[in-house]
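Per-entry structural report
The primary structure of each chain is shown beneath.
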Amino acid sequence: QVQLVESGGGLVQPGGSLRLSCAASRKIFGIYTWGWYRQAPGKERELVATITEGGTTVSTDSVKGRFTASRDNAKNVVYLQMNNLKPEDTAVYYCNAFPPNKAYWGQGTQVTVSS
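Residues numbered from 1 in each chain as written. Predicted model: local features only at pLDDT ≥ 70, side-chain atom pairs only at ≥ 80, totals over all residues. Heavy atoms only, no water.

**As for the overall build of the protein chain**
- Helix and strand counts for the protein chain stand at zero helices and ten strands.
- Once the C-alpha set of the protein chain is aligned to its principal axes, its extents read approximately 40 × 25 × 20 Å.
- Here the contacts in the protein chain between residues at least 6 apart in sequence split such that 53% fall between residues at least 24 apart. (Helix = DSSP H or I, 4+ residues; strand = E, 2+ residues; numbered from the N terminus. Contact = heavy atoms within 4.5 Å.)

Following this line, the structure appears as structure tokens:
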């Protein structure tokens, strides 16, 4: 059974930084393009960034220049470095394959940006 565990969230002031981690089962890692997603209260889950098996990253316009995905294949971990955080970045953040596989959704990690 595939397991994804996100961590690294927390409360941070506007302008601050966080690095999220996603630990994936070795069995599936290295095959997919991975995505970071987020869901804010009352909103649909949205894609934030992707990273290919070769390390090519793409970020959505709302986070471009602030968020960067990366991966460590040796450790089977995907990261999301988030800088210059804004209150509108407040959400639960998830990792999943891209396109997402509904069987892979984990519990996510809460990010709250507030002064």
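**Notes on the sheet that holds strand β2 (residues 10–12)**
- If you trace the six strands from one edge of the open sheet to the other, you get β2-β10-β9-β4-β5-β6, paired in mixed fashion. The outermost strands of the open sheet, each flanked by one partner alone, are β2 and β6 (57–59). Direction aside, neighbouring strands of the sheet carry axes that sit 25 degrees apart on average.
- Two strands pair when backbone bridges link them, and β2 and strand β10 (residues 109–113) are joined in this way by three bridges, in the parallel orientation. Within the sheet, the bridge partner assigned to leucine 11 lies in β10 and is threonine 112. (Pairing = 2+ DSSP bridges. Axes fitted to C-alpha atoms, helices over the stretch in contact; angles between N-to-C directions.)

**Focus: the side chain of arginine 66**
- Examined against the element boundaries, arginine 66 turns out to sit in the loop between β6 and β7 (67–72).
- Its relative accessible area of 8% is what places arginine 66 among the buried residues.
- There is a polar contact of 2.9 Å between the side chain of arginine 66 and the backbone oxygen of serine 62.
- Setting aside residues no more than four positions away along its own chain, arginine 66 makes contact with Gln81, Met82, Asn83, Asn84, Leu85, Lys86 and Asp89. (Buried < 20%, exposed > 50% of the residue type's maximum accessible area, 1.4 Å probe, protein only. Polar contact = N/O pair within 3.5 Å; in protein donor to acceptor, adjacent residues only side chain to side chain.)

**Some remarks on the packing of aromatic side chains**
- All chains considered together, the criterion is met by two aromatic pairs.
- Plain terms: the ring middles of tyrosine 37 and tryptophan 105 are 5.1 Å apart, the flat faces sit at 80 degrees to each other, and that makes the pair edge-to-face. In this pair, tyrosine 37 sits in strand β4 (residues 33–39) while tryptophan 105 sits in the loop between β9 (91–98) and β10, placing the two residues 68 residues apart along the sequence.
- Arranged with centres 5.8 Å apart and planes meeting at 80 degrees, the rings of tyrosine 94 and tryptophan 105 form a pair that is edge-to-face. Here tryptophan 105 lies in the loop between β9 and β10 and tyrosine 94 lies in strand β9, a separation of eleven residues in the sequence. (Phe/Tyr/Trp six-rings, centres within 6.5 Å; stacked < 30°, edge-to-face > 60°.)

**So, the environment of proline 14**
- Along the chain, the position of proline 14 falls in the loop between β2 and β3 (18–24).
- Looking at proline 14, the relative accessible area reads 41%, which means it is partly exposed.
- The spatial distance from the C-alpha of proline 14 to the C-alpha of glutamate 88 is 9.7 Å, given a sequence separation of 74 residues.
- Discounting chain neighbours no more than four positions away, the residues touching proline 14 are Leu85, Pro87, Val113, Ser114 and Ser115.

Scope: geometric values only; no functional claims are made or implied.
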